[in-house]
Structure formats: structure tokens, C-alpha cells
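# Structure assessment
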Amino acid sequence: MGRFRGRVHESIESSLRKLTMTAAPSSIKIEHLGYTVANDMRRLRNRRVFESELSQDPTDAWLRFHLGLAFYLEGDYTRTEEYLNFIFSSQSLEIPKETRSMLVSLMADIYYRQGKKMAARSHALRAIQMGGNAFAEYLLATLDMLDDAVESGLRRLLDIDAQSLSRDFYRLHKGNLYADIAKGYMRLDKFDRALQYAELAREDEPSYEAMLIGGILCERKHDLRRALQFYTIAQTLNP
């Protein structure tokens, strides 16, 4: 019988693979909020647990992946790259395809943060070819915007929303997504469309930036009552 393994990020997949069994798709969704709130002490504890477990089982690719992720969350991108590259070179087939796509996306983000835009783009495209995830699409949109390919970046952001990619494996905050879409429309001088997405953020999942954008755009239209509504929400999000 398959059992959950691991003291942190418990998983049943590795024990199923040892039994030559595979996990079956399910319509049941579990909301895991472990990374939505910054908690440095918990992250440090988790990393130490992974290091301890890896010292006992140095060949476990799943542990290497999570230890690399722990360093990523701590901002130690050099060590993240070290662990993830080891998995790429020798253990990539030992983790699920969906996880491999996310792993490549993390590498893309590391290169992006280091200012290596071409390497970031190639890795994000590779992640999408492996099955895709919202993180990779979002990185490509960000890179497009940086390269002044605003329409291309905006199309990618709209696709993330339309295809509900933000609910798949990596969840983007809808308010942040709509804020980026609004900024794209503003760069194209389509201010009414930008305001529509600020309104969507307010109705769906407000973010501080989206509410500021909404307030600014309403002021631009001399609609001070609506501007005040946006700013009031923004103040509750970031007092």
C-alpha cells in the first residue's frame, strides 16, 4: 500500500512508484496555503528538515527538489541553481512531469532575477513545452513587457486569465494579475480597458497595486467618488 512520505510536503507519489503504481487524476482540489504567508522561521525549519532527510537519503530527487525550493524562497539563488541543476543532469525522470515543468520555471525565474533575460526566456519556453504552468507564462509576459513587446505580454496575461492557468499548480493572485493587465493597457493608452481590469480586481480579489491603479484612473476621469472607493480598499490592504 502506498504511504505518505516526508516530514514536510508529505507525498504519496514516491511510494507509489516503488510499487510500480501511478497516481490517478481526481476532481478533488486541496488548497495548500503554505507559501502564501511569509514565515521565515517555518521556512528555516523546513530547510533543516530537508537537509537532515537528504543526509540520510542523498539520492532522493524529491528531497533535492524541495531543498532547492527552500533555498529559492530564502533568496539563495546560487544554491538553488546548484540543487536544481543536479536534478536536471541526473535525476529529472525521478520526479513527475508537472514538477519538472515547475522546476524549469524556477530556473527561468533565477535567471530573470540575475538579469539574464535570454536564459530566462529559453527556460520559460522550455517549461511551457513540457506542459506549461502559469508561472512560466507569467515570466514570459514580464520579459515581453521589459522588451517593450507590450501587446505580446498583454496577450499572455489575458491567456492566463482566460484559460484559468492561474489555478493550475502555481496560483497567481488575481488582483496582481489584473493589475499587470491594467498596466499593459495603460501603456497602450487604453485607459478605459485598464479601469475595467482594476474593477475586476476589486470585485474578485483586490490587490494594493490594482486599487491604486483604479484610484488614479478614476481621478483621471474626475470621478472622485469611485477613486475614493479604490483608495479606501487600498488603505485596508496596506495601512
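This text follows the structure it describes.
Residues numbered from 1 in each chain as written. Predicted model: local features only at pLDDT ≥ 70, side-chain atom pairs only at ≥ 80, totals over all residues. Heavy atoms only, no water.

## Focus: the overall build of the protein
For the protein, the helix and strand inventory stands at twelve helices and zero strands. Starting at the N terminus, the α and β elements of the protein follow one another as α-α-α-α-α-α-α-α-α-α-α-α. Within the protein, the fraction of its 239 residues that count as buried is 42%. Sequence separation of 24 or more characterises 51% of the internal contacts of the protein that already satisfy a separation of 6 or more. (Helix = DSSP H or I, 4+ residues; strand = E, 2+ residues; numbered from the N terminus. Buried < 20%, exposed > 50% of the residue type's maximum accessible area, 1.4 Å probe, protein only. Contact = heavy atoms within 4.5 Å.)

## Topic: the environment of Ile181
Here Ile181 lies in helix H9 (residues 174-187). A relative accessible area of 0% means that Ile181 is categorised as buried.

## So, helix H6 (residues 117-129)
Because the α-helix completes a turn every 3.6 residues, residues three or four places apart line up on one side. For H6, spanning 13 residues, the distance from its first C-alpha to its last is 18 Å, which sits close to the expected 18 Å at 1.5 Å a residue. For H6, the secondary structure elements touched by its buried residues are helix H5 (97-113) and helix H7 (134-146). A positive phi of about 135 degrees marks Gly131, the residue just after H6. (Expected span 1.5 Å × (residues − 1).)

## Points about the nonpolar core
Of all hydrophobic cores here, the largest spans 27 residues; its most connected members are Leu157 and Ile181. Among all residues touching Ile181, those that are not within four sequence positions of it are Leu154, Leu157, Leu158 and Tyr197. In terms of nonpolar packing, the next biggest core, distinct from the first, is built from 20 residues, Phe65, Leu84, Leu140 and Leu143 among them. (Core = buried A, V, L, I, M, F, W, Y, C linked by side-chain atoms within 4.5 Å.)

## Thoughts on the environment of Ala198
Within the element layout of this structure, Ala198 appears in helix H10 (residues 191-204). Assessed through its relative accessible area of 1%, Ala198 is described here as buried. The spacing of Ala198 and Ile181 is 17 residues in sequence and 8.9 Å in space, taken between C-alpha atoms. Here Ala198 is in contact with Ala210, Met211, Gly214 and Phe230, once residues within four sequence places are set aside.

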